[in-house]
Amino acid sequence: MTRRSVRRSVRLLGVASGSTALVLGLAGPALACNIKDFSAEAKCDGGKGVIVVTDTDASAKDATVTVFLKGIGGIETKVGEQPVKGSKKGSRITFAENWKPSATYRVHVKADQAVDEDIQPDLVTPSTACKTESRPPKPTPSTPPPSPSPSPSKSESAPAESATPTPSASESTSAPADTSNNAPSPAVGESNLAETGADSNTGLIAGIAAALVVVGGGAVWLGMRRRGTTRNG
């Protein structure tokens, strides 16, 4: 092997080593955990709000995600903290937070010495709150309609009418009408008969008395005749 061939072999080895180092150098940062591998969004789960954090770290490093609610005057309230292990497809963790519209949250990620930063920009929730699912009201057991009460019979509801009408108070207390003025005045002859009792039973009685007198007289006459016959004999 000549010197020229040796030099050529060394050059080829150097170029290959440099290429390999360049490829490895570029691939290293690509596989390392980065804050850009994390994202956060506000969603609705049914009628409640949640915050979902997604980790797309292909190196699958263990990380810890902490969520803070930013208030007025820079006051923060810790919502929760959860561990996550990234994947190329994306690993998701969910924070149950019934967020309000247009609220601001700070999401912090810590993964060993690789990442210790906040996701930028801060998470701002939608301007519309989650809608509560309307559930149909529970059916209430139907109550049977009340049974109709028996209507009182006619004999019970109204008193029985009496057979003879009862005179009213005005009729019972009113004085009888004076009929003396309305009756026709008797004639002169009729007034005399009334005074002698001719219009009564006096004539019949007088006739019977006369008959008794005749019978009595006949009996006396017969008795006297019998006495005379007896004396003569």
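Structure: above.
Quick notes on the rules
Starting afresh in each chain, residues are numbered from 1 along the sequence in its written order. Totals for whole chains, interfaces and linings use every residue, but because this is a predicted model, local features are given only for residues with pLDDT of at least 70 and side-chain atom pairs only at 80 or more, for both listing and counting. Side-chain numbers here rest on the full set of heavy atoms in the structure, without hydrogens or water. Two strands form a pair only when DSSP identifies at least two bridges running between them. Secondary structure elements are taken from DSSP: a helix is a run of H or I of four residues or more, a strand is a run of E of two residues or more, and numbering for both begins at the N terminus. Axis lines are fitted through C-alpha atoms, for helices just across the contact stretch, and the angle between N-to-C directions can take any value from 0 to 180 degrees. One side-chain nitrogen of Lys or Arg within 4 Å of one carboxyl oxygen of Asp or Glu is enough to make a salt bridge. Burial status follows relative accessibility: with a 1.4 Å probe on protein chains alone, a residue under 20% of its type maximum counts as buried, one over 50% as exposed, and anything between as partly exposed. Like-charged residues within 9 Å of one another, or nonpolar side chains (Val, Leu, Ile, Met, Phe, Trp, Tyr) within 5 Å, are grouped into patches, provided each residue has over 30% relative accessible area and no salt bridge. Accessible surface is estimated by sampling points in the Shrake-Rupley manner with a 1.4 Å probe; for residues, cover comes only from the protein chains shown. As used in this record, nonpolar core signifies buried Ala, Val, Leu, Ile, Met, Phe, Trp, Tyr and Cys residues forming a set joined through side-chain atoms within 4.5 Å. We call two residues in contact when some of their heavy atoms are within 4.5 Å. Count a disulfide wherever a pair of cysteine sulfur atoms falls within 2.5 Å. Charged residues are defined narrowly, with Lys and Arg counted positive, Asp and Glu counted negative, and His plus the chain ends left uncounted.

Participant: I'd love a proper account of the sheet that holds strand E1 (residues 38-45), names of residues and values included.
Facilitator: An order of E1-E2-E5 is seen for the three strands of this open sheet, with the pairing classed as antiparallel. Every interior strand has two partners, whereas the edge strands, E1 and strand E5 (91-96), have only one. On average, each strand axis in the sheet is tilted by 25° relative to the strand beside it, whichever way the strands run. Relative to strand E2 (residues 48-55), E1 runs antiparallel, the two sharing eight bridges. From the neighbouring strand, Lys43 faces E2, where its bridge partner is Val50.

Participant: So what's going on with the pattern of salt bridges? Which residues, and what values?
Facilitator: On inspection of all chains with the given rule, the structure shows six salt bridges. The shortest N-O distance in the salt bridge between Asp122 and Lys70 comes to 2.5 Å. Within this pair, whereas Asp122 is found in the loop between strand E7 (115-118) and strand E8 (123-124), its partner Lys70 is found in strand E3 (residues 62-70), the two being separated by 52 residues in sequence. Asp122 gets classed as partly exposed once you look at its relative accessible area, which sits at 24%. Given the relative accessible area of 33%, Lys70 is considered partly exposed. Among the ionic pairs, Asp118 bridges to Arg106, the shortest N-O distance being 3.1 Å. Within this pair, whereas Asp118 is found in strand E7, its partner Arg106 is found in strand E6 (residues 104-111), the two being separated by twelve residues in sequence. Relative accessible area serves as the criterion here: at 17%, Arg106 is assigned to the buried category. Ionic contacts of the salt-bridge type, sharing partners, join the residues Glu76, Arg106 and Asp118 into one network.

Participant: I'd love a proper account of a nonpolar patch on the surface, names of residues and values included.
Facilitator: Together, Leu204, Ile208 and Leu212 give the surface a local cluster of nonpolar side chains, amounting to about 330 Å² of exposed area. Relative to the helices and strands, Leu212 resides in helix H5 (residues 202-232).

Participant: Can you break down the nonpolar core residue by residue, with the values?
Facilitator: Counting residues in each nonpolar core, the largest one holds 22 residues, and the members touching the most others are Phe38, Ile51, Val65, Phe95, Tyr105 and Val109. Looking at this core, the elements that each hand over two or more residues are E1, E2, E3, E5 and E6. Tallying contributions element by element places E6 first for this core, with four residues. Other than its neighbours up to four places away in sequence, Val65 contacts Val53, Gly80, Glu81, Gln82, Val84, Ile93, Phe95, Val107, His108 and Val109.

Participant: Please give an account of the pairing of strand E4 (residues 76-85) that cites residues and values.
Facilitator: As paired strands, E3 and E4 are joined by nine bridges and run antiparallel to one another. The residue bridging Val67 from the neighbouring strand is Gly80, located in E4. The antiparallel hairpin formed by E3 and E4 contains five residues in its connecting segment, where Gly73 sits at a positive phi of about 75°.

Participant: Which residues make up the state of the cysteines, and what values go with them?
Facilitator: Inspection of the entire model under this criterion finds one disulfide. Two residues share a disulfide in this structure: Cys44 and Cys130, whose sulfurs sit 2.0 Å from each other. Across the S-S bond of Cys44 and Cys130 the torsion is about -90°, and the bridge reads as left-handed. With Cys44 in strand E1 and Cys130 in the loop between E8 and helix H2 (154-157), this pair connects stretches of sequence that are 86 residues apart. Residue Cys130 is classed as buried on the basis of its relative accessible area, which comes to 14%.

Participant: Can you tell me about the side chain of Asp37, naming the residues and giving the values?
Facilitator: Inspection of the secondary structure puts Asp37 in the loop between helix H1 (3-31) and E1. Of the side chains with opposite charge, Lys36 lies nearest to the buried Asp37, which makes no salt bridge, at 9.1 Å. Beyond its immediate sequence surroundings of up to four residues, Asp37 is in contact with Ala32, Thr54, Asp55, Thr56 and Asp57.

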